[in-house]
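Read off the chains here:
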Amino acid sequence: MVTLSEFSHELKISELGGKMRSIHLSADASQRAALAKRFDLAALDRLDADLTMTTERSDIFATGELNAVLAQTCVATGEPVPVTVSEAVTIRFIPEPRINEEAEFELAEEDCDVMFHDGQLIDLGEAVAQSLGLALDPYPRSPNADALLKSAGVKGEDEAGPFGVLASLKEKLEKKMMRDV
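Predicted, not measured: the structure shown is a model, and the values here were computed from it. (Residues numbered from 1 in each chain as written. Predicted model: local features only at pLDDT ≥ 70, side-chain atom pairs only at ≥ 80, totals over all residues. Heavy atoms only, no water.)

*Asks:* Even after reading the chapter, I still don't get helix H2 (residues 29-38), so can you show me in this structure?
*Replies:* Side chains of residues three or four places apart in an α-helix project in the same direction, reflecting 3.6 residues per turn. Here H2 has its buried residues at Gln31, Arg32, Leu35 and Ala36. The buried side chains of H2 occupy one side of the element, clustering within an arc of 135 degrees when seen end-on. Away from the buried face of H2 by more than 90 degrees, exposed residues Ala29, Ser30 and Lys37 are located. Looking one or two residues past H2, Asp40 carries a phi angle of roughly 55 degrees, positive in sign. (Buried < 20%, exposed > 50% of the residue type's maximum accessible area, 1.4 Å probe, protein only. Helix = DSSP H or I, 4+ residues; strand = E, 2+ residues; numbered from the N terminus. Arc of directions from axis to C-beta.)

Structure representation (structure tokens):
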């Protein structure tokens, strides 16, 4: 297996041997810097995972908790937004499917935390990195974001929705009625 992950922690499947095994992973400074670049983070100060590995036939399960301390960049202001991630994770590693080129392969909702293995190795570090990526807010906002957006003329969700439009019409009607009096 060729590893391209910034936070690689490969486990030989043969060493699991059907026994339950606890594993603690912690990213060092260079791994955190590389992951911060990969996920476009302002900072990644900590990334740890405590996982219990179990096997069921050819499937391998990693269950436990992912913890991270990081900063994302606000989508509106560009300011760092501090974030603490404490996420329960369950990852199922299954053998790579043998699919001919014409077959379609769909993942069901319950398959979203599934990763494939080659029968020899699993990369637990990459699985933790991907779990971190899924836990990130795709649109982080600093406390100053709303004020900046409002000053730029961007309407908030409460103003742009149907009730916001009705409130705006009501306000206009009330102003018109006050002028007519």
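After presenting the structure, the write-up continues.
*Asks:* Would you mind going over the side chain of Asp48 with me for this structure?
*Replies:* Along the chain, Asp48 falls in strand S3 (residues 43-56). At 2.6 Å, the side chain of Asp48 and the side chain of Ser26 are in polar contact. Excluding residues within four positions of it along the chain, Asp48 makes contact with His24, Leu25, Ser26, Glu65, Leu66 and Asn67. (Polar contact = N/O pair within 3.5 Å; in protein donor to acceptor, adjacent residues only side chain to side chain. Contact = heavy atoms within 4.5 Å.)

*Asks:* Just checking my understanding: could you explain the sheet that holds strand S6 (residues 114-117) for this structure?
*Replies:* Two pairing modes exist for strands in a sheet, parallel and antiparallel, and in both the strands are linked by backbone hydrogen bonds. Strand order across the open sheet formed by 5 strands is S2-S3-S4-S5-S6, with mixed pairing between neighbours. Either end of the sheet is taken by a strand with one partner, and the two such strands are strand S2 (21-26) and S6. Sheet twist, expressed as the average angle between the axes of neighbouring strands with direction ignored, equals 25 degrees. Across 4 bridges, strand S5 (residues 80-95) lies against S6 in parallel orientation. By the bridge assignment, Phe93 is partnered in S6 with Met115. Sitting on the sheet, H2 is in contact with S2 and S3, with an inclination near 95 degrees to S3. (Pairing = 2+ DSSP bridges. Axes fitted to C-alpha atoms, helices over the stretch in contact; angles between N-to-C directions.)

*Asks:* Would you mind showing me how to read the side chain of Gln72 here?
*Replies:* Among the structural elements, Gln72 can be located in strand S4 (residues 59-73). Separated by 2.9 Å, the side chain of Gln72 and the backbone oxygen of Asp137 make a polar contact. Those residues within four positions of Gln72 in sequence are excluded, and the remaining contacts are Leu41, Ala42, Glu79, Pro80, Val81, Val83, Leu136, Asp137 and Pro140.

*Asks:* What's the story with the confidence of the model for the chain in this structure? I'm lost.
*Replies:* For any part of a model where pLDDT is low, the fine detail of the predicted coordinates should not be relied upon. Averaged over every residue, the pLDDT of the chain is 84; the share at 70 or more is 81%. For the chain, per-element mean pLDDT is lowest for helix H5 (residues 157-160), which scores 60, and highest for H2, which scores 96. (pLDDT = per-residue confidence, 0-100.)

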